[in-house]
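# Notes for the structure review
So you can see what is in the structure, the chains are spelled out below.
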Amino acid sequence: RQSVQVPAVVGAALRVPLATGGHIEYANLDHAASAPCLRGVQDAVDELLPWYASVHRGAGFASQVSTKVYERARDVLRKFVGARSRDAVVFTRNTTDSLNLLARSLPKGTSVVLFDTEHHAALLPWKGPWIRRIQTPASAADAVVALDNALVSAPAGPRLVVVTGASNVTGELWPVDELAAVARKHGARVALDAAQLAPHRAVDIKAWDVDYVVLSGHKLYAPFGAGALVGRADWLQAADPYLVGGGATKQVVNYGDHLGVAWSAVPERHEAGSPNVVGVHALAAACEVLSANWSDIEAHEISLLRRLREGLRSVPGLSELSLFDGPRVGVVSFTVEGHDAGLIAAALSAEYGIGVRDGAFCAHIATRRLLAKCGSTEQQALRASLGLGSTAEHVDRLVDALRTLVTVGPALTYRLADGRWVP
Ligand code: PMP
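Reading the values: rules and limits
Residues numbered from 1 in each chain as written. Predicted model: local features only at pLDDT ≥ 70, side-chain atom pairs only at ≥ 80, totals over all residues. UniProt positions renumbered as here; feature names shortened; annotations may be inferred. Helix = DSSP H or I, 4+ residues; strand = E, 2+ residues; numbered from the N terminus. Rg over C-alpha atoms; globule rule 2.2 N^0.38 Å. Buried ≥ 20, exposed ≤ 12 C-beta atoms within 10 Å, placed from the backbone. Axes fitted to C-alpha atoms, helices over the stretch in contact; angles between N-to-C directions. Left-handed = near helix turned anticlockwise from the far one by under 90°. Contact = placed C-beta atoms within 7 Å. Nonpolar A, V, L, I, M, F, W, Y, C, P; charged D, E, K, R; others polar. Pairing = 2+ DSSP bridges. Near = placed C-beta within 6 Å. Expected span 1.5 Å × (residues − 1). Domains from an automatic or database assignment. Core = buried A, V, L, I, M, F, W, Y, C linked by C-beta atoms within 7 Å. pLDDT = per-residue confidence, 0-100.

As annotated in an unreviewed UniProt entry, the chain is Selenocysteine lyase/cysteine desulfurase from Actinocrispum wychmicini. According to UniProt, the comment filed for the chain under the heading Sequence similarities (unreviewed entry) is "Belongs to the class-V pyridoxal-phosphate-dependent aminotransferase family. Csd subfamily." Its UniProt record gives the chain a comment under Catalytic activity (unreviewed entry), which states: "(sulfur carrier)-H + L-cysteine = (sulfur carrier)-SH + L-alanine".

Shown next, in the form of structure tokens:
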């Protein structure tokens, strides 16, 4: 039972059909993939929809409104992550887009250090002569030492350390401030992937001494299509535009055999094309709602997470995946030896109206390693992730359903179609 009042989400009591007949309230336990829209976000979007128009370039009233809304959102994002006044806010599509933009903006020869259990969005974009992917050690304290050792051997020149605030596989919190302190000692900048952290905990890049933070609106209870890169402007300013086109240019001149182009300054430099004003407004509205409710949000999540983990311990053969066995946000991945994760996920949906994620969560190295660590021979895991739409009933339903599925089995027969189990 909830003793705290958390912000309401849209579609909190959606009813979904069961393959066994009838309907049931949907138990969305997949917030880590995408979170439902907050009511406050829906209201903010409703208000803007009649007014949205092209930003910056239009002189009409609606354009002025949209430009104000769009620029105001930068200030909201700046506050949301605890940015310094020197930090730029570049709006992107999502975390993946933000990290790719940062990767493309690194000065030539930048050394990059990261842990190999990262989400693919943080693992893959980096290019350059020296990239060190540290095998994630068994404790957070060892991770700090491992980073220190890796940076000792990094070549002279610009350096970047990429860290994640909270793992999308285990929900575990990384020691961001300690890792940042080590990075600083070696003259490295730090980019924080806050895709999973920002929906659950206040981010403070100034206090943690981090240079860049990236996040996605759709994990923060806003709809898809808007994300942000917040951080130091100098590398972004020195880099070629991420996309070229209108908005990224101050002036274009035809010299006959070539075009002379003066690129805009950051942030417009990396925001070519008509921007997603509605998405950015929704993202900012979500940030404002979350910022005003952190203590209730955390209390709600902590109590449900305790209930979930205790419940999962009662399921025969279930092992929870863990990097460090450390504190975590409301994300838990697990495996049940001898049970196909995809089949369990399909049965949870078809027979119980529960949405979880199965697979390797776009973090193949992490998921495989953690499965092996708990002695599993499975290649895929299940993930239940909590959010503002979660209730104790959803958690209890999941635990009861898992117990039935692994002891008695599914009520229906399933077959594989295009790699997915269907009843
Ligand atoms: N990093 C982490 C930790 C994530 O959980 C995700 C999304 N699963 C991403 C990056 C990528 O986010 P997006 O798909 O919104 O670009």
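### So, the overall build of the chain
The number of helices and strands found in the chain is 13 helices and 19 strands. Whereas a compact globule of 423 residues would reach a radius of gyration of roughly 22 Å, the chain reaches 23 Å, a difference of no more than 12%. Burial status across the chain gives 48% buried among its 423 residues.

### Regarding the UniProt feature "domain: Aminotransferase class V" (unreviewed entry) in the chain
As recorded in UniProt, the feature "domain: Aminotransferase class V" (unreviewed entry) lies at residues 28–398. Annotated as 38% helix and 18% strand, the span residues 28–398 places its first and last C-alpha atoms 10 Å apart.

### Points about the packing of helix H2 (residues 61–80) against helix H9 (residues 277–291)
With their axes 9 Å apart at the nearest point, H2 and H9 run at an angle of 40° to one another. Note that H2 runs across H9; the crossing there is left-handed. Between H2, through Ser66, Val69, Tyr70, Ala73, Val76, Leu77 and Phe80, and H9, the contact on the second element is made entirely by Val277, Val280, His281, Leu283, Ala284, Cys287, Glu288 and Ser291. Of the residues in the contact of H2 with H9, the class split is 11 nonpolar, 3 polar and 1 charged.

### Regarding the sheet that holds strand S10 (residues 227–232)
A sheet is described by the order of its strands in space; here 7 strands give the open sequence S4-S10-S9-S8-S7-S5-S6, paired in mixed fashion. Either end of the sheet is taken by a strand with one partner, and the two such strands are strand S4 (87–92) and strand S6 (131–134). Strand-to-strand, the axes of this sheet are offset by a mean angle of 15°, without reference to chain direction. Here strand S7 (residues 159–164) pairs with strand S8 (residues 189–193) via 5 bridges, running parallel. Across the sheet, Thr164 pairs through a bridge with Asp193, a residue of S8.

### What to know about the site of the ligand
Around the ligand sit 14 residues in total, of which Asn94, Thr95, Thr96, Asn168 and Ser216 are the nearest. At the level of elements, helix H3 (95–105) and helix H4 (120–123) are the ones that each hand at least two residues to the shell around the ligand. By residue class, the composition of the shell around the ligand is 4 nonpolar, 9 polar and 1 charged.

### Looking at helix H11 (residues 341–352)
An α-helical turn contains 3.6 residues, so any two residues separated by three or four positions project in the same direction. Between its terminal C-alpha atoms H11 stretches 16 Å, which fits the 16 Å expected from 12 residues at 1.5 Å a residue. Where H11 is concerned, the buried positions are Ala341, Ile344, Ala345, Ala346, Ala347, Leu348, Ala350 and Tyr352. Residues of H11 that are buried sit in contact with strand S14 (331–336), strand S15 (354–355), strand S16 (357–359), strand S17 (381–385), helix H13 (392–407) and strand S19 (420–422). Phi turns positive one or two residues past the end of H11, at Gly353, with a value near 65°.

### Focus on the environment of Leu123
Here Leu123 is to be found in helix H4. Apart from the residues within four sequence positions on either side, Leu123 is in contact with Leu114 and Glu118.

### Quick word on the domain arrangement of the chain
Domain boundaries in the chain define domain 1 (15–30 + 294–422) and domain 2 (41–291). Between domain 1 and domain 2, the contact holds 25 residues from the first and 25 residues from the second. Broken down by secondary-structure element, the contributors of at least two residues to the side of domain 1 that touches domain 2 are helix H10 (294–313), S14 and helix H12 (364–373). Among the elements that make up the side of domain 1 that touches domain 2, the one with the highest residue count is H12 (5 residues). By residue class, the composition of the side of domain 1 that touches domain 2 is 16 nonpolar, 6 polar and 3 charged.

### Brief notes about the nonpolar core
Soluble, globular proteins show a tendency: their nonpolar side chains are buried together. Counting residues in hydrophobic clusters, the biggest one holds 131 residues, and the most contacted among them are Val161, Val213 and Ala286. Among the domains, domain 1 (15–30 + 294–422) and domain 2 (41–291) are the pair contributing at least three residues each to this core. The contact partners of Ala286, leaving out residues within four places of it in the chain, are Leu38, Val41, Gly217, Leu220, Tyr221 and Ala222.

### Overview of the confidence of the model for the chain
Taken as a whole, the chain shows an average pLDDT of 96; of its residues, 100% reach a score of 70 or greater. Interface confidence for the predicted complex, given as ipTM, is 0.99, next to a pTM of 0.97.

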